[in-house]
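# Overview (structure and organization)
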Amino acid sequence: MKVFNFVAISLLSTQSALACPVSGDLATGIRFGVDDGDFETFRQMRPGVIESTFVAADGTVYRNLLGQGIYLLEWTDIVEGKPDMDSRSVYAFAMTPETLPLPEPGGFANLGVLVNAGGTLEQEMQMYSFGEATEITFGECRYAMIPIEVRYAPDNGQGLTVLNYLPDLGLAYFTESTANGQTDTYTYHSIEVVK
């Protein structure tokens, strides 16, 4: 009986581990449950570029393109299933998306960015600080995680952005955003493969 129980537990553990998304699942999509009824889905668009689509419980939708799954390349609101080009902001780095630096625990990256928001061009410096590696869980799924803090110059009221980078999946998600003295936090609590 003890042998049977051990085998049954081992099989359940293996099945649970197999259900946890891996980087290859970005081809179809990896979906996170966020806060109360929101969700965010990440998909590989091309080498070095991941699309993030955030759907809020109230029906608001926006799409980001992320270099290396981290660096914001484009932001667009989605209205009635189509990009709202009036809301589109584009962020141009001095290197191609696939050559943007991957986080190293304890490291940093200072990157100049040309921002085109509604036809207005501005230059800014984005300063990334990579924290020490730790682990994070979503249900039974456990991943290595590197926290990232992003600061901006000039600040323009942007304050601080905090991300969690999951190297095993090759993507980062927002956990905190401070702008104009107001802080918003986000709790990602579940993860699944999009079928």
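Remember, it's a predicted structure, so these values are computed and weren't measured experimentally.

So, about the state of the cysteines. For the coordinates displayed, the defined rule picks out 1 disulfide. Here Cys20 engages in a disulfide with Cys141; their sulfurs sit 2.1 Å apart. Across the S-S bond of Cys20 and Cys141 the torsion is about -95 degrees, and the bridge reads as left-handed. Here Cys141 lies in strand S10 (residues 141-153) and Cys20 lies in the loop between helix H1 (2-19) and strand S1 (30-34), a separation of 121 residues in the sequence. Take Cys141: its relative accessible area is 8%, and that puts it in the buried class.

Moving on, we get to the environment of Gly131. Relative to the assigned elements, Gly131 resides in the loop between strand S8 (120-130) and strand S9 (134-138). Note: C-alpha distance between Gly131 and Pro103 (28 residues apart in sequence) is 8.8 Å.

As a further point, take the side chain of Thr161. In this structure, Thr161 sits in strand S11 (residues 160-166). Polar contacts involving the side chain of Thr161 include one to the side chain of Tyr152, which spans 2.8 Å. Among residues more than four places away in sequence, those in contact with Thr161 are Ile148, Glu149, Val150, Tyr152, Phe174 and Glu176.

Thresholds, definitions, all that
Residues numbered from 1 in each chain as written. Predicted model: local features only at pLDDT ≥ 70, side-chain atom pairs only at ≥ 80, totals over all residues. Heavy atoms only, no water. Disulfide = S-S within 2.5 Å. Helix = DSSP H or I, 4+ residues; strand = E, 2+ residues; numbered from the N terminus. Buried < 20%, exposed > 50% of the residue type's maximum accessible area, 1.4 Å probe, protein only. Polar contact = N/O pair within 3.5 Å; in protein donor to acceptor, adjacent residues only side chain to side chain. Contact = heavy atoms within 4.5 Å.

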